[in-house]
Amino acid sequence: MSRRAASTSRRFADGGSIPFMGSLHPKSRPSPLVSVVLLVGALLVVGYLYSSSGGSNAGKEALMKLQAGVSCSSEVLKAIPILKKAYGDSMHKVLHVGPETCSVVSELSKEEDTEAWGIEPYDLDDADRNCKSLVHKGVVRVADIKFPLPYNRNSFSLVIVSDALDYLSPKYLNKTLPELARVSADGLVIFSGYPGQRRAKVAELSKFGRPAKLRTTSWWVRYFVQTSLQENDSVIKKFEQASAKRSYTPGCQIFHLKSHK
Ligand SMILES: *[C@@H]1O[C@H](CO)[C@@H](O)[C@H](O)[C@H]1NC(C)=O
Ligand SMILES: *[C@@H]1O[C@H](CO)[C@@H](O)[C@H](O)[C@H]1NC(C)=O
């Protein structure tokens, strides 16, 4: 992400410097008025570069969102207080599955009475120090979720999965979803992108294996019925009430499934 951000500012700087260099050519000395105009222009360019390279956090965040597409793992971060209201005690032992799991696990662990583990389904090549330490401690594992998970039945009270399912074909969903339900005792929460949301670019496809397939809500509901996964109505109601109270509107589809008993 930072690589792409860097090349954007470089492109801008190159483009911005071309008229500048030409005007300062020794044979065509600029008049004082032209100099003032150029100075103002230069300040604007500097101001723009400053704001797009970290000067303003909101601008930077918007830029990163634009480049990366919306991530449902960051949506999990926003939804933690609502999940806590809806699930209560069932948040005591949580497994998060999905990209950026180190950030999700770190945030979940800050909650009182919540222990959290993570499965990162893709490479962790840009892991920071905190993430490396979580992997070292075995709190976060890198594992291909197309294969059985290395946990016993009912190991966690709640399993939360974000983004990762969007990269699986129905054939693998048929294996992975029952696995996620198997290791959870009280429920399984799915965060999935809405069709039309921008997702990983071609450059990232080698990491994810295939392009994201963003499915509609009716597709998911039909799929749950087909595969005998049931939504948990009481928790859906609590989640909706807590969302309304805090004016929270999810940027991703959120499904609350029962665990297999
Ligand atoms: C997935 O499982 C359902 C229910 O068992 C079945 O109807 C469907 O054909 C399976 N899909 C694939 C692609 O295997
Ligand atoms: C619905 O979710 C709640 C909260 O996790 C859980 O306690 C309850 O057992 C679930 N209901 C069913 C029928 O699985």
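Residues numbered from 1 in each chain as written. Chains lettered and ligands numbered in written order. Predicted model: local features only at pLDDT ≥ 70, side-chain atom pairs only at ≥ 80, totals over all residues.

A. Structural detail: the overall build of the protein. In terms of regular secondary structure, the protein is built from 10 helices and 6 strands. When burial is assessed residue by residue, the protein has 28% of its 261 residues classed as buried. Once local pairs closer than 6 in sequence are excluded, the contacts in the protein between residues at least 24 apart make up 70%. (Helix = DSSP H or I, 4+ residues; strand = E, 2+ residues; numbered from the N terminus. Buried ≥ 20, exposed ≤ 12 C-beta atoms within 10 Å, placed from the backbone. Contact = placed C-beta atoms within 7 Å.)

B. Seen up close, the nonpolar core. Core analysis: the largest hydrophobic core is formed by 46 residues, its most contacted members being Val159 and Val161. Apart from the residues within four sequence positions on either side, Val161 is in contact with Val97, Gly98, Leu180, Ile190 and Phe191. (Core = buried A, V, L, I, M, F, W, Y, C linked by C-beta atoms within 7 Å.)

C. The arrangement of helix α10 (residues 233-245) in detail. Taking 1.5 Å as the rise per residue, α10 with 13 residues should run 18 Å; its terminal C-alpha atoms sit 19 Å apart, in good agreement. Following α10 by one or two positions, Ser247 has its phi on the positive side, about 50°. (Expected span 1.5 Å × (residues − 1).)

D. Representation of the site of ligand 2 within the structure. Inspection of the region around ligand 2 gives Tyr87, Ser90, Asp186, Gly187, Asn232, Ser234, Val235 and Lys258 as its neighbouring residues. Among the secondary structure elements, those contributing two or more residues to the shell around ligand 2 are β5 (184-192) and α10. When grouped by side-chain class, the residues that make up the shell around ligand 2 number 2 nonpolar, 4 polar and 2 charged. (Near = placed C-beta within 6 Å. Nonpolar A, V, L, I, M, F, W, Y, C, P; charged D, E, K, R; others polar.)

E. Summary view of the site of ligand 1. If you check the shell around ligand 1, you find Pro170, Lys171, Asn174, Gln226 and Thr227 and nothing else. Looking at the shell around ligand 1 element by element, the count peaks at 3 residues for helix α7 (residues 170-182).

F. Seen up close, the pairing of strand β1 (residues 93-97). Within β1, 4 of the 5 residues are buried, leaving the element largely enclosed by the surrounding structure. Of the pairings in the sheet, the one linking β1 to strand β2 (residues 115-120) comprises 5 bridges and is parallel in character. Residue pairing in the sheet places Lys93 in a bridge with Glu115 of β2. In this view, the connection linking β1 to its parallel neighbour β2 by way of helix α5 (residues 101-110) has right-handed handedness. For β1 and strand β4 (residues 156-162), the ladder comprises 4 bridges, and the chain directions are parallel. Residue pairing across strands places Val97 opposite Val161, the latter belonging to β4. (Pairing = 2+ DSSP bridges. Right-handed = clockwise from strand over helix to strand, strands pointing away.)

G. Representation of the sheet that holds strand β6 (residues 253-257) within the structure. Spatial ordering of the open sheet is given by β3-β2-β1-β4-β5-β6, a layout of 6 strands whose pairing is mixed. Of all strands in the sheet, those bounded by a partner on one side alone are β3 (140-142) and β6. Within the sheet, the average angular offset between the axes of one strand and its neighbour, ignoring direction, is 15°. Strands in contact with α5 are β1, β2 and β3; relative to β2, the strand with the most contacts, it is inclined by about 175°. The sheet contacts of α7 involve β1, β4, β5 and β6, and relative to β5 the element is tilted by about 135°. (Axes fitted to C-alpha atoms, helices over the stretch in contact; angles between N-to-C directions.)

H. Representation of the environment of Arg153 within the structure. Along the chain, Arg153 falls in the loop between β3 and β4. Ignoring anything within four residues of it in the chain, the contact list for Arg153 reads Arg182 and Val183.

I. The arrangement of the pairing of β2 in detail. Summarising burial for β2: 5 of the 6 residues are buried, a large majority. In terms of strand pairing, β2 meets β3 through 3 bridges, oriented parallel. Following the sheet pairing, Glu120 is matched in β3 by Val142. With helix α6 (residues 129-136) bridging β2 and the parallel β3, this β-α-β connection has right-handed handedness.

J. Structural detail: the environment of Asp166. Mapped onto the elements of the fold, Asp166 is located in the loop between β4 and α7. For Asp166, a count of 23 C-beta atoms within 10 Å translates into the label buried. Distance from Asp166 to Lys213, taken between C-alpha atoms, is 5.3 Å for residues 47 residues apart in sequence. Apart from residues lying up to four places away in sequence, Asp166 is in contact with Ser192, Gly193, Ala212, Lys213 and Leu214.

K. Region of interest: the packing of helix α4 (residues 72-87) against α10. The interhelical angle for the contact between α4 and α10, taken along N-to-C directions, is 135°, at an axis separation of 8 Å. Taken as axis vectors, α4 and α10 run oblique relative to one another. Where α4 crosses over α10, the two elements pack in a sense that is right-handed. Residue-level inspection shows Ile82, Lys85, Ala86 and Tyr87 of α4 in contact with α10, the latter providing Val235, Lys238, Phe239, Ala242 and Ser243. Of the residues that constitute the contact of α4 with α10, the class distribution is 6 nonpolar, 1 polar and 2 charged. (Parallel < 35°, antiparallel > 145°, perpendicular 65-115°, else oblique. Left-handed = near helix turned anticlockwise from the far one by under 90°.)

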